[in-house]
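A closer look at the structure
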Amino acid sequence: MSLSLSHLSQPIFEQMLNSLSLVLDKAEEHAKARKIDPSVLLNSRLYPDMFPFTRQVQIACDFAKNTSSRLAGVDVPKYTDDEQSFAALKERIAKTLAFLKTLDHVAIDNAVERDITFPVGPMSVTMKGQPYLLHFAMPNFYFHHSMAYAILRHNGVDIGKRDFLGTIPGFPKM
Amino acid sequence: MSFSLSQACVPVITQMLTSLRHVVDCASKHCEEHKIDPNAILTARLFPNMWAFTKQVQAATTWGCNMAGRLAHVDVPSLGDDEKTFDDLKARIDRALAFIGSVDTAAIDASVDRVITFTAGPNTRKLRGKDYLLHQSYPHFFFHCTTAYDILRTNGVQLAKRDFMGLPPGLITD
C-alpha cells in the first residue's frame, strides 16, 4: 500500500488554506467588534525582525502554489504582494486554491524522483520531488500558517486549535 | 510513482524533533549568556490562554510518538510530563526520537487504510491511517514545533528559519 505525491500535498494545502481563510474571517470580525483598525492586525508581528501577518499569509499561499507548480512541472505563477485588507488576503487564498485545482495530479505524482530546483534566499537548491515536498515545503508551509495563527492569538483574536485545523478530510461516517 | 506511509512519517518527525532539540539548546545557551532565569523562557506563552514553552515541546514530542506508534500499531510509551529544565526537555526529545527510530516501518506502511482510533479531548475519533497522518497529526505536530519556536523568538532568542527546519534529508549539494 502506498501514497502518491499529489495525495500528500493537494488535500493538505486545501484543508489548511480553507482553514486560514476562515481564520481571516474571524480576525476581521474581531477587529470590527472591538473597533480595532484592521491594519494593526495585518501589520502585527511577533517580534520586530519577523514578518507581519499579511506577509505570513502571502508566504503560506506561495508555498502551496510554488511547491505544487514545481512538482507538476509547470511555470510558477507570480502574485503581486500588494494585499492591504483581510478581503484581499482571502482573495489571494481563493486564487491559490483555484490554481491548485488546475494542476495535473499525475504530473505531480511523477515528480517523486525528479530533480526540483528552487530558490532559497540568494541560493539555488536542488532536491528530488519527494524530499522536497516532505522535508522542505511542508515544514515551511506549516511554519507560516502557524505563524499567522499565532500572531492573531497573540493579539487576542478568539480562535482555537479547531479553527487552525479546519475540516479534516476522511472522517469515516459513524 | 508512489512511496510508503512510513516515509511520510518517520523521517519528517525525525527531522523536526532533531531541529527542535537544537532550538531548545539555543534557548538554554541564550539564558546562560544573558543571565536569564530559564524558568522565564520555559513558562513563557504567546497569550495567557496558550500553552507555555515546556508544554509546546511536550506536545510536539507526544504527537511525534503517537503518530509513529499508532500507525505502527504498537503501544506508545508515556513520556511523562514533568520536565523542569532545558536538559529535561532535550532528554524527552531523545526518548521520543529513540522510540520513533525503533518502530517497525513495515507495520506503518500497512496502515494506509487501517482505521486508527484516537481521542481528541473528550471524543473518540476514527480516521484511516493516511488521513490520520496527513490531516490530523501533521497539522498538530507542526503547530507545536512552530509555536515553541515562536515563543523563543518573541523572547529574543536568536533563531532563524534554518534552525526550525534543521537539515532537510535529501538536499543535493554540489
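Residue positions are counted from 1 within each chain, in the order its sequence is given. To label them, take the chains in the order written and letter them from A, then take the ligands in the order written and number them from 1. Per-residue local features are limited, in this predicted model, to residues with pLDDT of at least 70; the limit for side-chain atom pairs, both in listing and counting, is 80 or more; totals at the level of whole chains, interfaces and linings are taken over all residues.

**Describing the overall build of chain A**
Starting at the N terminus, helices and strands are each numbered in turn, a helix being any DSSP run of H or I of at least four residues and a strand any DSSP run of E of at least two. Across its full length, chain A holds 7 helices and 2 strands. Note that the radius of gyration is over C-alpha atoms, with the globule rule given as 2.2 Å times the number of residues to the power 0.38. Computed over C-alpha atoms, the radius of gyration of chain A comes to 17 Å, within 12% of the 16 Å expected from 2.2 N^0.38 for 174 residues, which places it in the range of a compact globule. If you line up chain A on its principal axes, its C-alpha atoms span 50 × 50 × 25 Å. When each of the 174 residues of chain A is scored for burial, the buried share is 43%. Sequence-distant contacts in chain A: of pairs separated by 6 or more residues, those separated by 24 or more amount to 73%. Counts of 20 or more other C-beta atoms within 10 Å of a residue's own C-beta define buried residues, counts of 12 or fewer define exposed ones, and intermediate counts define partly exposed ones; C-beta atoms are placed from the backbone. We call two residues in contact when their backbone-placed C-beta atoms lie within 7 Å.

**Looking at the sheet that holds strand β2 (residues 123-128) of chain A**
Taken in spatial order, the 3 strands line up as β1(A)-β2(A)-β3(B) in an open sheet, and their pairing is antiparallel. The sheet is open, and its two borders are formed by β1 (115-120) of chain A together with β3 (171-172) of chain B, each paired with just one other strand. Pairing of β2(A) with β3(B), which is carried by 2 bridges, proceeds in the antiparallel orientation. Bridge pairing links A:M127 to B:L171 in β3(B). Lying over the sheet, helix α6 (residues 129-154) of chain A contacts β1 and β2 of chain A, oriented at roughly 110° with respect to β2(A). Think of it this way: DSSP has to see at least two bridges between two strands before they count as a pair. Interaxial angles span 0 to 180 degrees and are taken between N-to-C directions of axes, which are lines fitted to C-alpha atoms, for helices over the stretch in contact.

**A look at the nonpolar core**
In these notes, a nonpolar core means any group of buried Ala, Val, Leu, Ile, Met, Phe, Trp, Tyr and Cys residues linked to one another through C-beta atoms within 7 Å. Among the nonpolar cores identified, the biggest contains 95 residues, and B:C9, B:L20, B:A68 and B:A148 are the most heavily contacted of them. Considering each element in turn, this core owes the most residues, 15 residues, to α6(A). In contact with B:C9, not counting residues within four places along its chain, are B:M67, B:A68, B:L71, B:I108 and B:L133.

**Side note on the packing of helix α1 (residues 5-33) of chain A against α6(A)**
Residue and element names in this part refer to chain A. Relative to each other, α1 and α6 sit at 10°, their axes nearing to 11 Å. In this view, α1 runs roughly parallel relative to α6, as classed from their interaxial angle. When α1 is examined against α6, the residues L5, L8, S9, M16, L20, V23 and A27 are found in contact with a partner set consisting of G129, Q130, L133, H145, A148, Y149 and L152. Convention used here: angles under 35 degrees read as roughly parallel, angles over 145 as roughly antiparallel, angles from 65 to 115 as roughly perpendicular, and any remaining angle as oblique.

**Side note on unusual backbone geometry**
Here A:K35, not a glycine, exhibits a phi torsion of approximately 55°, which is positive. One non-glycine residue, B:K35, lies in the positive phi region at around 50°.

**Notes on helix α6 (residues 129-154) of chain B**
All names here are of chain B. Expected helix span is taken as 1.5 Å per residue step, with the number of steps being one fewer than the number of residues. Here α6 contains 26 residues, and its C-alpha end-to-end distance of 36 Å stays within 8% of the 38 Å for a straight helix at 1.5 Å per residue. α6 sits mainly inside the fold: 24 of its 26 residues count as buried. In the stretch just after α6, G156 is the one whose phi turns positive, near 85°.

**A word on the confidence of the model for chain B**
Residue-level pLDDT values for chain B average 95, and 98% of them are 70 or greater. This complex was scored by the predictor with a pTM of 0.95 and an ipTM of 0.94. The predictor's confidence in any single residue is recorded as pLDDT, a number from 0 to 100.

**Describing the interface of chain A and chain B**
The interface is formed by 40 residues belonging to chain A together with 41 residues belonging to chain B. Of all elements in the fold, only α1, β2, α6 and α7 (161-165) of chain A reach the threshold of two or more residues within the side of chain A that touches chain B. No other element matches the 13 residues that α6(A) contributes to the side of chain A that touches chain B.

**Things to note about the packing of helix α1 (residues 5-33) of chain B against helix α4 (residues 86-102) of chain B**
Residues and elements named next belong to chain B. Direction vectors running N to C along α1 and α4 enclose 165°, while the axes themselves pass 10 Å from each other. Overall, the two elements α1 and α4 adopt an arrangement that is roughly antiparallel. Two packed elements cross with a definite hand, and for α1 against α4 that hand is left-handed. In contact with V10, I13, T14, L17, T18, L20, R21, V24, D25, A27 and S28 of α1, α4 contributes F86, L89, K90, I93, A96, L97 and I100. Within the contact of α1 with α4, the residues separate by chemical class into 12 nonpolar, 3 polar and 3 charged. Note on convention: the crossing is left-handed when the near helix lies turned anticlockwise from the far helix by less than a right angle, right-handed when the turn is clockwise. Lys, Arg, Asp and Glu make up the charged group, whereas Ala, Val, Leu, Ile, Met, Phe, Trp, Tyr, Cys and Pro make up the nonpolar group; the residues left over, Gly among them, are polar.

**What about the pairing of β2(A)?**
All names here are of chain A. Here β1 runs beside β2; their pairing, made up of 6 bridges, is antiparallel. Residue F118 lies in a different strand from β2, and its bridge partner there is V125. If you look at the hairpin formed by β1 and β2, you'll find 2 residues sitting between the two strands, and G121 has a positive phi there, around 55°.

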